[in-house]
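A look at the structure
So you can see what is in the structure, the chains are spelled out below.
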Amino acid sequence: MRQLILSLVTVVAMTATMPAMAQNNFSSFSMMTLNVDGLPGKLLFFTLNADGPKAAGSKAIGTYMAAKDCDIIAMQEDFNYRWEIWSRLFASYEHDEWTGGIILEEMQDQDFIHPHHIKLKCDGLNTAWKRECQSTAYERVAWGRSFGKFSHAFDDLITKGFRRHEFTLQDGTEVVVYNVHLDASNRYDVPLGRDMKDRETRLSQFEQLRQHIMERLDNRPVVVVGDMNCLYYRDALKTAFIDAIQATGLATVSDAWVEKHLGGAYPELGSEPLADETFDKVLYINPTNAKTVITPTSVEVDKAGYTTADGKPLGDHYPLIVRFAIIPAGETTGISTVATSSSADEEWYSLQGIRQEANFTPFGGRGAISISRSGQKKIRK
């Protein structure tokens, strides 16, 4: 009798756990977005990126990306050190086109007599994917509007924009990925309120991106990743992009980091800046008629792993890594989700959300505001 009871208990226990186990048996894929900080240190007599990783650091960045083994990697500012990075990735990854760097030899057709006409053809974007995946369609699009030829982060000197890929993953799932890089704001302009044109330009770019996505929306999930140069407290990303798409009733949109780190509560426009929000974002779109949907199961801003041997960051952005589960539409997942961040509490961020030293003083030590990850403000008077 005792043995019979034990057997019944075992059967009941197994039956109770089987649905949860079955719900966790989904395919998945991983996505990394990373600004690789590939500007040259100098161009002629001009200092462009003195503190950048350059050739040796770019090799280390490539080694880091290869070790993380993500299915898809979206890079921005992949300019002058393309081959240093790619030499570490070619064994396992395919890639799209490189459009050049900030190189004098590639500027021979520029109209230097009329500097306002200068526009380099490179966009700094590059997407890599594991060889087990396939890119079945590719498109490169330039922004219709940009701002700042010789000021405001010089965005109008290059052909910024976005790239669109249609991928078939290893399990046969089809997903569309946009790799984007929006206009930046100069870090000195933001505290002084001189970045209005930058924010207006980014808003125009979000509208262009939204229109492009919606014109091509079908039943496949869409992932939009990249260096968006926006923070929710100062940019109308939620209104112009997320809310606008959801208002059509054709799709749902979420920010993976907001969903997992903030419980889905988006910071309000005009609110206090968040210390740990970054310019790099992963947005995902599920069409309402989708056969399969995607949902993030882990979100990581890797601040501990993206370092040199002496503990310094490899570049001026940290990798944002998201793993997605692929779920048949309409199913309840029950899968666990993990939000991870390996940042240290003593790190400080400017009002733009860029990592700074604790003694960062953009105005000679007066009026500089830094914010710790705990939300504490430190003002230098």
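Only a predicted model underlies this, so the values are computations on that prediction, with no experimental measurement involved.

Each value, and the rule that gives it
- Throughout, a residue's number is its position along its own chain's written sequence, starting from 1.
- Reporting of local features is limited, given that this is a predicted model, to residues whose pLDDT is at least 70; pairs of side-chain atoms are given and counted only at 80 or more, and all residues count toward the totals for whole chains, interfaces and linings.
- Side-chain numbers come from the whole structure's heavy atoms, not from hydrogens or water.
- Labels follow the DSSP assignment, with helices taken as runs of H or I lasting at least four residues and strands as runs of E lasting at least two, numbered in each case from the N terminus.
- The rule is simple: take the accessible area with a 1.4 Å probe, protein chains only, and divide by the maximum for that residue type; under 20% is buried, over 50% is exposed, in between is partly exposed.
- Working rule for contacts: check all heavy atoms of both residues, and any pair within 4.5 Å makes them a contact.
- Only the protein chains shown count as cover for residues, and all accessible areas are computed by the Shrake-Rupley method using a 1.4 Å probe.
- In summary, the charge assignment counts Lys and Arg as positive and Asp and Glu as negative, without counting His or the chain termini.
- Just to be clear on terms, a salt bridge is a Lys or Arg side-chain nitrogen sitting within 4 Å of an Asp or Glu carboxyl oxygen.
- For the purposes of these results, a polar contact is taken to be a pair of N or O atoms within 3.5 Å, where, inside protein, one atom must be able to donate a hydrogen and its partner to accept one; residues adjacent in sequence count only when each atom of the pair is a side-chain atom.
- Side-chain rings of Phe, Tyr and Trp, where Trp is taken by its six-membered ring, are said to pair if the distance between their centres is within 6.5 Å; with planes under 30 degrees apart they count as stacked, over 60 as edge-to-face, and otherwise as tilted.
- In this description, a line fitted to the C-alpha atoms serves as the axis of each element, helices being fitted only across the stretch in contact, and the angle between N-to-C directions of two axes falls anywhere from 0 to 180 degrees.
- Note on angle classes: values under 35 degrees are labelled roughly parallel, values over 145 roughly antiparallel, values of 65 to 115 roughly perpendicular, and the remainder oblique.
- The hand of a helix crossing depends on one turn: near helix anticlockwise from the far one by less than a right angle means left-handed, and clockwise means right-handed.
- Amino acids are sorted into nonpolar (Ala, Val, Leu, Ile, Met, Phe, Trp, Tyr, Cys and Pro), charged (Asp, Glu, Lys and Arg) and polar (every other residue, Gly among them).
- Strands were regarded as paired on the criterion that DSSP finds at least two bridges between them.
- Residues belong to one nonpolar core when they are buried, are Ala, Val, Leu, Ile, Met, Phe, Trp, Tyr or Cys, and are joined through side-chain atoms within 4.5 Å.
- Between the first and last residue of a helix there are one fewer steps than residues, each counted as 1.5 Å, and that sum is the expected span.
- Directions are taken from the helix axis to each C-beta atom, and the arc is the one they span.

1. Comments concerning the overall build of the protein
Each helix and strand in the protein was counted, giving 7 helices and 19 strands. Buried positions account for 49% of the 381 residues belonging to the protein. Contacts in the protein between residues far apart in sequence, at least 24 positions, make up 72% of those at least 6 positions apart. With an accessible surface of roughly 17900 Å², the protein has 54% of that area assigned to carbon and sulfur atoms.

2. Quick notes on the side chain of D280
Position of D280 relative to the elements: it lies in strand β12 (residues 280-287). Buried and without a salt bridge, D280 has K281 as its closest oppositely charged side chain, separated by 8.2 Å. One polar contact links D280 to H317, side chain to side chain, over a distance of 3.0 Å. Among residues more than four places away in sequence, those in contact with D280 are T33, N35, Q76, G226, D227, H317, Y318 and L320.

3. Section: the pattern of salt bridges
Scanning all chains against the criterion turns up 17 salt bridges. For R82, the salt bridge identified is with D78, shortest N-O distance 3.4 Å. Taken as a pair, R82 and D78 share a single burial class, namely buried. In this structure, the salt-bridge partner of D96 is R163, at a minimum N-O distance of 3.2 Å. Note that D96 is positioned in the loop between β5 (93-95) and β6 (126-130) and R163 in strand β8 (residues 161-168), a separation of 67 residues in sequence.

4. Quick word on unusual backbone geometry
Phi is positive for D69, close to 60°, though the residue is something other than glycine. For D69, the position within the fold is in the loop between α2 (54-68) and β4 (72-76).

5. Here's the deal with the packing of aromatic side chains
The geometry of an aromatic ring pair comes down to the distance between the two centres and the angle between the two planes. For the structure on display, the rule yields 9 aromatic pairs. Ring plane angle 70° and centroid distance 5.6 Å describe the contact between Y284 and F324, whose orientation is recorded as edge-to-face. With a gap of 40 residues between them, Y284 in strand β12 and F324 in strand β14 (residues 320-328) connect regions that are remote in the sequence. Summarising the burial analysis for this pair, Y284 and F324 share the class buried.

6. A few points about the packing of helix α5 (residues 196-216) against helix α6 (residues 237-247)
As a packed pair, α5 and α6 sit with axes 9 Å apart at the nearest point and diverge in direction by 15°. The angle between α5 and α6 places the two elements in the roughly parallel class. Crossing of α5 over α6 shows right-handed handedness. Contacts between α5 and α6 pair L203, F206, L209, R210, I213 and M214 from the former with L237, A240, F241, A244 and I245 from the latter. When its residues are assigned to classes, the contact of α5 with α6 shows 10 nonpolar, no polar and 1 charged.

7. Focus on the pairing of β14
Most of β14 sits out of view: 7 of its 9 residues are buried. Where strand β1 (residues 27-35) and β14 come together, 7 bridges link them in antiparallel fashion. Note on β14: the bridge partner recorded for S28 is A325. Sheet topology places strand β13 (residues 292-301) next to β14; 9 bridges connect them, and they run antiparallel. From the neighbouring strand, V293 faces β14, where its bridge partner is I327.

8. Details of the nonpolar core
Counting 66 residues, the largest nonpolar core has M65, V223, V224 and F241 as the members making the most contacts within it. Contacts of V224, omitting those with residues within four sequence positions, involve Y178, V180, L209, I213, F241, K281, V282, L283 and I285. Core analysis: the next-biggest nonpolar cluster, separate from the first, contains 5 residues, F79, I102, C122 and I158 among them.

9. Remarks on α2
Between its first and last C-alpha atoms α2 spans 21 Å; for 15 residues at 1.5 Å apiece the expected length is 21 Å, and the two agree. Considered for burial, the residues of α2 that qualify are G57, S58, I61, G62, Y64 and M65. Burial along α2 is one-sided: seen end-on, the buried residues are contained in an arc of 160°. Structural note: α2 exposes A56 and A67 on the side pointing more than 90 degrees away from its buried face. Taken together, the buried residues of α2 touch β1, β4, α3 (82-86), β5 and β14. Downstream of α2 by a residue or two, D69 has a phi angle that is positive, lying close to 60°.

10. Quick notes on the environment of I72
With respect to the helices and strands, the residue I72 is situated in strand β4. Remark: the alpha-carbon pair of I72 and V177, spanning 105 residues in sequence, is separated by 9.2 Å. Residues in contact with I72, not counting those within four places in the same chain, are S30, M31, M32, T127, A128, W129, F167, L169 and V177.

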